Amino acid sequence: MALLPHVVSNKLTSLDWIILKWSLCCRAVTLLVQIVLNVLVVDYDSSACCLSSQSRWAEHLLGGVNRWDSVYFLRIASGGYDYEQYAAFFPLWPAVIRLMSSTVLSPLSLVLSDDVCLLLSAMLAGTVFFSAAAVLLRRLTFQVTHDQRLSVCAALLFCLNPAMVFFNAAYTTSMFAFVSFAAMLLWQEGHVWKSTAMMMVACGVRSNGMLCAGFMMYGLLQSVLEWILQHGRCGRDIRRVAIKGLFSSMQVAFIGLALLAVQYRVSTIFCDGSAFHWTTVNKTINHSATRQISSAHLPWCNSLLRLSYGHIQSEYWNIGFLRYFEVKQIPNFALAGPVILMTLMFAMLFAKRMWPQFRQFRFFNSGSGLWSSDVLPYAVHWIAFVALCVLNIHIQVLTRLVASASPAFYWFAAELFLRHSDRPLADCSTSTGTSRAQPLEFKRKPMRPGNSDTSVTTRWISNSVLLYFLGYAYVGLALHTNFYPWT
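1. Brief notes about the overall build of the protein chain
Secondary structure assignment for the protein chain yields 18 helices and four strands. The buried share of the protein chain, taken over its 487 residues, is 49%. Relative to all contacts within the protein chain whose residues are 6 or more apart in sequence, the contacts with residues 24 or more apart total 72%.

2. Brief notes about the side chain of Ser121
Note that Ser121 resides in helix 5 (residues 114-145). With a relative accessible area of 0%, Ser121 lands in the buried category. Among the polar contacts made by the side chain of Ser121, one reaches the main-chain carbonyl oxygen of Cys117 at a distance of 2.7 Å. Setting aside its immediate chain neighbours within four residues, Ser121 contacts Ile97, Met100, Ser101 and Leu105.

3. What to know about the pattern of salt bridges
Counted under the stated rule, the structure contains four salt bridges. A salt bridge links Arg139 to Asp16, with the nearest nitrogen and oxygen atoms 3.1 Å apart. Of this pair, Arg139 sits in helix 5 while Asp16 is found in helix 1 (residues 14-40), placing the two residues 123 residues apart along the sequence. The closest approach of N and O atoms between Arg98 and Asp114, which form a salt bridge, is 3.3 Å. In this pair, Arg98 is assigned in helix 4 (residues 92-102) and Asp114 in helix 5, connecting sequence segments 16 residues apart. In this structure Arg98 comes out as partly exposed when scored by relative accessible area, which is 32%.

4. A closer look at the packing of helix 1 against helix 6 (residues 148-158)
Packing of helix 1 against helix 6 brings their axes to within 10 Å, and their N-to-C directions diverge by 15°. The pairing of helix 1 with helix 6 is recorded here as roughly parallel in orientation. Crossing angle aside, the handedness with which helix 1 passes helix 6 is right-handed. Where helix 1 approaches helix 6, its residues Leu15, Ile19 and Trp22 are matched on the opposing element by Gln148, Val152, Ala155 and Leu156.

5. What about a nonpolar patch on the surface?
On the surface, Trp193, Met200, Ile243, Leu246, Phe247, Met250, Phe254, Leu257, Leu260, Leu304, Leu305 and Leu307 cluster together to form a nonpolar patch covering roughly 1200 Å² of accessible area. Counting residues per element, the ones that place at least two in the nonpolar patch are helix 9 (192-205) and helix 11 (235-270). Looking at the nonpolar patch, the element that brings in the most residues is helix 11, giving seven residues.

6. As for the environment of Gly310
Along the polypeptide, Gly310 turns up in helix 12 (residues 309-317). Spatially, the C-alpha atoms of Gly310 and Ala88 are 8.5 Å apart, while their sequence positions differ by 222 residues.

7. A closer look at the nonpolar core
Among the nonpolar cores identified, the biggest contains 131 residues, and Phe158, Leu398, Tyr410 and Trp411 are the most heavily contacted of them. It is helix 5 that provides the largest number of residues to this core, a total of 14 residues. The contacts of Trp411, once residues within four sequence positions are left out, are Leu137, Leu140, Thr141, Val144, Leu150, Ala154, Leu370, Val375 and Tyr378.

8. Quick look at the state of the cysteines
On inspection of all chains with the given rule, the structure shows one disulfide. Two residues, Cys271 and Cys301, share a disulfide whose sulfurs are 1.9 Å apart. The sign of the S-S torsion, about -85°, decides the handedness of the disulfide formed by Cys271 and Cys301: left-handed. Note that Cys271 is positioned in the loop between helix 11 and strand 1 (276-282) and Cys301 in the loop between strand 2 (287-293) and helix 12, a separation of 30 residues in sequence. Each member of the pair, Cys271 as well as Cys301, carries the same accessibility label: buried.

9. Here's the deal with unusual backbone geometry
Although it is not a glycine, Trp68 adopts a positive phi angle of roughly 55°. For Trp68, the location among the structural elements is in the loop between helix 2 (56-62) and helix 3 (69-79). We note that Phe483 has phi near 65°; this positive angle belongs to a residue other than glycine. Mapped onto the elements of the fold, Phe483 is located in the segment after helix 18 (452-480).

10. With respect to the packing of aromatic side chains
Throughout the structure, instances matching the rule amount to 40 aromatic pairs. Their ring planes at 70° and their centres at 6.0 Å tell us that Trp193 and Phe247 sit as a pair that is edge-to-face. One end of the pair, Trp193, is in helix 9; the other, Phe247, is in helix 11, with 54 residues separating them in the sequence. Judged by its relative accessible area of 38%, Trp193 is partly exposed. On the basis of relative accessible area, Phe247 is assigned to the partly exposed category, the value being 36%. Directly above the ring of Phe176 sits Arg206, whose terminal nitrogen or CZ lies 4.2 Å from the centroid. Taking NZ or CZ as reference, Arg400 lies 4.8 Å from the ring centre of Phe166, over its face.

11. Quick word on the environment of Lys194
Tracing the backbone shows Lys194 in helix 9. It is 9.6 Å that separates the C-alpha atoms of Lys194 and Ala182, two residues lying 12 residues apart in sequence.

12. Some details on the confidence of the model for the protein chain
Looking at the protein chain, the pLDDT average stands at 82 and 79% of residues meet or exceed 70. Taken together, the stretch residues 1-7 has pLDDT below 50 and engages in 16 contacts with residues farther than four places along the chain or on a different chain. Confidence drops under pLDDT 50 across residues 426-454; counting only partners more than four residues distant or on other chains, this segment forms 41 contacts.

Parameters and conventions
Residues numbered from 1 in each chain as written. Predicted model: local features only at pLDDT ≥ 70, side-chain atom pairs only at ≥ 80, totals over all residues. Heavy atoms only, no water. Helix = DSSP H or I, 4+ residues; strand = E, 2+ residues; numbered from the N terminus. Buried < 20%, exposed > 50% of the residue type's maximum accessible area, 1.4 Å probe, protein only. Contact = heavy atoms within 4.5 Å. Polar contact = N/O pair within 3.5 Å; in protein donor to acceptor, adjacent residues only side chain to side chain. Salt bridge = Lys/Arg side-chain N within 4 Å of Asp/Glu carboxyl O. Axes fitted to C-alpha atoms, helices over the stretch in contact; angles between N-to-C directions. Parallel < 35°, antiparallel > 145°, perpendicular 65-115°, else oblique. Left-handed = near helix turned anticlockwise from the far one by under 90°. Patch = residues over 30% accessible without salt bridge, like charges linked within 9 Å, V, L, I, M, F, W, Y side chains within 5 Å. Areas by Shrake-Rupley, 256 points an atom, 1.4 Å probe, with all protein chains shown as cover. Core = buried A, V, L, I, M, F, W, Y, C linked by side-chain atoms within 4.5 Å. Disulfide = S-S within 2.5 Å. Phe/Tyr/Trp six-rings, centres within 6.5 Å; stacked < 30°, edge-to-face > 60°. Lys NZ or Arg CZ within 6 Å of the ring centre and 35° of its normal. pLDDT = per-residue confidence, 0-100.

Here's what the structure looks like:
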């Protein structure tokens, strides 16, 4: 943790404690709901028990956490990359699970099976990352917007986000949110090299960690624009911009190398070994067959860089540019509709609010709150990320990807909730990030005479935000826990 002296510290503010307690309560409630649903509801595939036969009690109590992609991560943590399709899942999260199981929870190995210890390790690590991510999101929000009320509301909404079931499962979601928010907070505070290190870690968790490199390029663009707006009259400034450009290029290169390092590790397993297991799917008779093949049969092993990720995603999951644009996928697009709609709304409102400043070349230190130039890199990150996902991936996973990577998603949701509600949060001091917050109260804003239609509309917007967050969170718990398809 020496890498994060400005991010993770022992000195938590009163607001941090509120967020921490709230996140743990939400985590406990969702786990309890998962246990109840897993016991009472029959799984869609009743043969899909993912724990050993000696751990049936754990399957009944905790099996709801071990569903879908969780199975892959836990099997990688247990036995490594035994199958080619496992290479689509990056190694850092399974390594954390294995480390937690062999250290913190090692005494439990005397009485519990290895798969149960790994599952408990994933749950414990996920809880730590989730709660830390909530605190970091509050700090990051205040650093960017200087709005304490918005920061608290965004963090509270994060704890009830639409992808809650994936934060509660043995997915990378919680860890990636923590690493991403930590990297962004470090970047916002000016610790660019520490931020680069965290972005490199993010690339070891998920491939879209590479998109964080855009923040480094934004810093370079900011320096160039500042120099241009000063008419380039100072030779010292151009040297500063050149040095900044060199450092930014190095930082982006390091982040890219981290992603390549993951691919290199995969290639050493599958391309340099003599043989390995490969699962093939026969679509005609609809069953899987497992066999051993030589690495010479893998086309990506014969390529120059031996990059496996794109090939595996295309071969096993049919992921590629516009491949999901089919009539039969309309329900999945509808499932991702709310997050796409929120992205479009935010993009239009942000452009409308900021255009007067940008038209006057006021790209820096303009605006306030969510509608400020400081939000611009986060807005671009969110919008570009959604556009990339809509065009290339399985659209139904968009919600959880955005929920774990884009802080601006929560800022906009909090803005809608606070600006169009009865002001559920009392005013907090906004002078410093460590100031003592006023008690949180629930007060109803008096309705203005003759403005009933507006009040009804604004309350509808606020209620829609809560309905979307809570509805997706608990419907997801009901479906995902019992092996039904969910976003």
